[in-house]
Amino acid sequence: MVPLFPSLPLAARSRVLFPFIVLVLAHDVLAFVPPPASHLLDATLSDSATIISNFPGRGSGRQRSKQILDTIPSEIGKLGARTNRRSALASSDDDQSSDSIQAAQAKLAVTGVTLKLAFDSSPNCWGIADLSATKSERFTSPQSLDMVHRLRAGSDCVLVGKGTVVADDCTLTVRRGYETTVLEATGRDQPTRVVLDSHLELVRDHVNKSCSTSYKLLEDGLPVIIYHLGTTNDVGEDIEAFLRNRPAITLVDASKLLEPKPESDSDETVLIQGGSLLTVSVPAKPSVQSIAPLLVVQDLHTRGIHHIMVEGGAATALSFLRAGVVDRAIIVKASVQFQEPLDSNIDEGVLTKEGGLQMLGTSDDGDSDKFGGDCLQYWVRGDGDEGWPAEVLADWP
């Protein structure tokens, strides 16, 4: 290694370098401890070498020593200013990163029931599928699909009816990169999948191989809760054997869930599935024909699931709207129009009169290209006093 200032005598080099090194080290140690960025130190040392190499080179060894010593204070001041600017930039980057994490966490701090449904642009009905198509395919834009995965990432569970799983063999997991940018960044797990299947047909067909495909969400090892009605076809040995090797699957008999007790009735404490104690009046009637959305929501709450995303299909969405448990809804109106649309039996009147929702606005109110030609409608419960989870409607999820 070539020594600095090779033309200077050793004693002169020592006199020049020693105070300079002391000043640089003191400056680094005392002034730049807060920013924990190694690149600041690297840049400071690089600047130091540049300062030394640019010192004047005229005169005798003693004269050059004096010139260097006279120059050090001003150069140290310049070095400190540059490093302070770097420190401010690093701190700004850290603040922006922290703000991004806080913003992401704020978007995830949503509770209640969020309904998401997609329809075509048919003028006479809100179509959910094309009867002329040979198989079910996605008809919304990639940008709308990204929104769905962001919403899944911010939900504790994704709930569908049995028909959605049969039609799409869906996994209901977070994908498209959001498993990394949202879930891993915020320490969240994949949302629990919840399926409403009154007669456990999904599991029975899967176990008995009576369907043409095996359902992915029953085999991927991620949590699944299936609500059913035990009044018909109790769980048999074949299903029990299937479940023993799949601990991630939980069956809940919705007919055993109990209505909350009116205050005027006598108290009675009953232990229900999920291990939570509820005060009830009378047991649910054994003649229950459908799964009650309110009881499902209450039971999910006892399991620590507080933000429920209802993703379909139309019959399940309609039951949740009529039960009055939907807090907000995102309606995707795709740009495509089906040849033979299957009527969802849902429209603005159903959302308003039966669901108790009102529309706050649409994505077309801002950037019409944000969702690739699709138009998103944003609905909230009641008079909308609680507002939307973000100031700009399209910013959530």
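Above this text sits the structure in question.
The following paragraphs examine the structure supplied in this document. (Residues numbered from 1 in each chain as written. Predicted model: local features only at pLDDT ≥ 70, side-chain atom pairs only at ≥ 80, totals over all residues. Heavy atoms only, no water.)

For the rest of this paragraph, the subject is the environment of Ala109. With respect to the secondary-structure elements, Ala109 resides in the loop between helix 3 (61–108) and strand 1 (112–119). Each C-alpha atom, one on Ala109 and one on His306, is 9.7 Å from the other, the two residues being 197 residues apart in sequence. (Helix = DSSP H or I, 4+ residues; strand = E, 2+ residues; numbered from the N terminus.)

On inspection of all chains with the given rule, the structure shows four aromatic pairs. Between the aromatic rings of Phe119 and Trp126, the centroid separation amounts to 5.0 Å while the plane-to-plane angle is 50 degrees, which identifies the pairing as tilted. On the basis of relative accessible area, Phe119 is assigned to the buried category, the value being 0%. Classification of Trp126 by relative accessible area gives buried; the value is 10%. An angle of 70 degrees between the planes, with centres 5.2 Å apart, marks the rings of Tyr378 and Trp388 as edge-to-face. Remark: Trp388 occurs in the segment after strand 13 (375–381) and Tyr378 occurs in strand 13; sequence separation between them is ten residues. Comparing Tyr378 with Trp388 shows no difference in burial state: the two are buried. One aromatic cluster is present, built from ring pairs that chain together Tyr378, Trp388 and Trp396. (Phe/Tyr/Trp six-rings, centres within 6.5 Å; stacked < 30°, edge-to-face > 60°. Buried < 20%, exposed > 50% of the residue type's maximum accessible area, 1.4 Å probe, protein only.)

Quick look at helix 6 (residues 178–186) now. Every buried residue of helix 6 is listed here: Tyr178, Val182 and Leu183. Angular distribution of buried residues about the axis of helix 6 spans 85 degrees; they occupy a single face of the element. Turned more than 90 degrees off the buried face of helix 6, the exposed positions are Thr181 and Glu184. Looking at the residues trailing helix 6, positive phi occurs at Gly187, about 75 degrees. (Arc of directions from axis to C-beta.)

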